[in-house]
Structure formats: structure tokens, C-alpha cells
Amino acid sequence: MRELLIATTNSSKVREIVAILEGLSIQLKTLADFSGIPIADETGSTFAENARLKALHYAGLTGMVTMAEDSGFEVDALNREPGICSARYLREGATYEERFADLYRRVRETGARERRVRFVCALAVAEGSDIVFKTIAAVEGLLADKAAGPNGFGYDPVFFYPPCGKTFGELADAEKTAVSHRGQAMRTFRSYLAGGLHPAPICPV
């Protein structure tokens, strides 16, 4: 059994990731298993760059094969903001209700009819100082008329997914993971892990 570090402390992300990787002979650890570990600086200009930075940072500190992901919410009417700043949008510590309100206000002020939005997830795996695997996935949707649904986390309640006729906040975990950006990326990663963590072709980003 190999060990794999999932480089996040976000319990909701951990729940989704563990569900997808269930059944593999891999022992998973998260950053919660390491006390006092320095947080990676997310200085990249893209999701892929930040995923790479985080994977290399934590692999270097722990000596473990490390999977890191960077994901976010893009609103076309706002030139794809908040994008890589999704988790820090508006201000550090802002609630998602505050972030939703600000997004809707800004979209109204543009006068745009454009409602296209997307979730993006970039994933990178580091072993030592090498990136041995990476992939990126996205799911397209519409900005919901208003936030809806108690499920999921982050921007899920304002992401309306037309094929299901619901927001991600209204979908059960399994329904969301079947179509989500993170679900797509993680299933690609699972296929890589199932091959035994050997170097794999790097997917284009």
C-alpha cells in the first residue's frame, strides 16, 4: 500500500476526494495530519500554476507523493472573475452569502445578459521535485437567478447546471460528483493511481 498526501485542509473537498478514490490500495493523508506545516504561497496566475506550486511545496516538506488541486468559479460577465481568487473573493473571511450578494450586484451593474459561468479544477501530483501527473477539468453552467440548495459548499448554490435543472447546491453529493469539475479531474487521477503511481503521460493544461 502506498501513501498519498491530499494537500488540503478543506473537509468538504476531502469528502469528495475520498469517495472517488475509495477501493484503491492507497493510504490517504491530508494536511491535517501535519501540525505546523507552512502554507504554500499561491502566487500563480492560473489554476494549473497554483496546483503545481502547492503540490511541489508540500511534497518537498513531507517527502510524500502529493496531490494538490486548485479550483474556482468563473463568471463570464465579470471577465471570468473571481477565478483563482474565488476562496479569497471580496475579502478574507467573507461569508459566501456576502460573496454571492457582491457577485450579483456586480453582474447587475454590467447590464450584461450573459449568465455563463463555470467551475474549473486543476490537479497536479508531485513526487520529490517532479510533477509526475497533471490534468484540468471544467463544467459549464449558468449563474442561478438566486442562491438555492443546502448541499455542497462554496459557490455551489449559485451554479445552475441545466442538464439537471438544479444548482449544485440542490444536488446530492453523488449527483454533483458525477458531473463536477473536481469529479472529472479526480476520476482521471484515479485511473492514474490505479496504474500504481508510475509516471503517466501528462495531460495538456
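Just so it is clear, the model here is predicted, and its values are computed rather than measured.

Chemist: So, the pattern of salt bridges: which residues are in play, and what are the values?
Modeler: If you walk through the whole model with that rule in mind, you get 22 salt bridges. Here R105 ties to E109 by a salt bridge, and the two come within 3.1 Å at their closest N and O atoms. Linking R105 with E109, this pair stays in helix 3 (residues 96-110), spanning 4 residues, or about one helical turn. Given the relative accessible area of 33%, R105 is considered partly exposed. Put simply, D156 and K176 hold a salt bridge, and the shortest N to O gap is 2.6 Å. Of this pair, D156 sits in the loop between strand 6 (130-143) and strand 7 (159-161) while K176 sits in helix 4 (residues 173-179); the two residues are 20 residues apart in sequence, bridging distant segments of the chain. On the accessibility criterion, D156 (2% relative accessible area) is buried. With relative accessibility at 3%, the residue K176 sits in the buried group. In this structure, a network of salt bridges that share partners links the residues E74, D76, R80, E114, R116, R118 and E140.

Chemist: Talk me through the environment of K54; I want residue IDs and the actual numbers.
Modeler: Within the element layout of this structure, K54 appears in helix 2 (residues 47-62). Accessibility expressed as a relative area gives 9% for K54, which makes it buried. Spatially, the C-alpha atom of K54 lies 9.4 Å from that of V125, the residues being 71 residues apart in sequence. The contact partners of K54, leaving out residues within four places of it in the chain, are A40, E42, A68, E69 and D70. Only 2.9 Å separates the side chain of K54 from the backbone oxygen of E69, close enough to count as a polar contact.

Chemist: I'd like a description of the packing of aromatic side chains, backed by residues and values.
Modeler: Two aromatic rings, taken as a pair, are described by how far apart their centres are and by the angle between their planes. The full count for this structure, using the stated rule, is 13 aromatic pairs. Ring plane angle 55 degrees and centroid distance 6.0 Å describe the contact between F100 and Y155, whose orientation is recorded as tilted. Within this pair, whereas F100 is found in helix 3, its partner Y155 is found in the loop between strand 6 and strand 7, the two being separated by 55 residues in sequence. The residues F100 and Y155 share a single accessibility class, namely buried. Between F119 and F168, the aromatic rings sit 5.9 Å apart at their centres with planes inclined by 15 degrees, giving stacked as the arrangement. Within this pair, whereas F119 is found in strand 5 (residues 116-127), its partner F168 is found in the loop between strand 8 (166-167) and helix 4, the two being separated by 49 residues in sequence. In textbook terms, an aromatic cluster arises when at least three aromatic residues are bridged by ring pairs, as seen for F73, Y96, F100, F119, Y155, F159, Y161 and F168.

Chemist: Please give an account of the packing of helix 1 (residues 11-21) against helix 5 (residues 181-194) that cites residues and values.
Modeler: For the pair helix 1 and helix 5, interaxial distance at closest approach is 9 Å and the crossing angle is 45 degrees. By the angle between their directions, the pair helix 1 and helix 5 is classed as oblique. The crossing of helix 1 and helix 5 is right-handed. Residues K13, E16, I17, I20 and L21 of helix 1 touch helix 5, and the partners they reach there are R182, G183, M186, R187, F189, R190 and L193. By residue class, the composition of the contact of helix 1 with helix 5 is 6 nonpolar, 1 polar and 5 charged.

The rules behind the values
- Residues numbered from 1 in each chain as written.
- Predicted model: local features only at pLDDT ≥ 70, side-chain atom pairs only at ≥ 80, totals over all residues.
- Heavy atoms only, no water.
- Salt bridge = Lys/Arg side-chain N within 4 Å of Asp/Glu carboxyl O.
- Helix = DSSP H or I, 4+ residues; strand = E, 2+ residues; numbered from the N terminus.
- Buried < 20%, exposed > 50% of the residue type's maximum accessible area, 1.4 Å probe, protein only.
- Contact = heavy atoms within 4.5 Å.
- Polar contact = N/O pair within 3.5 Å; in protein donor to acceptor, adjacent residues only side chain to side chain.
- Phe/Tyr/Trp six-rings, centres within 6.5 Å; stacked < 30°, edge-to-face > 60°.
- Axes fitted to C-alpha atoms, helices over the stretch in contact; angles between N-to-C directions.
- Parallel < 35°, antiparallel > 145°, perpendicular 65-115°, else oblique.
- Left-handed = near helix turned anticlockwise from the far one by under 90°.
- Nonpolar A, V, L, I, M, F, W, Y, C, P; charged D, E, K, R; others polar.

Read these as spatial facts, not as claims about activity.
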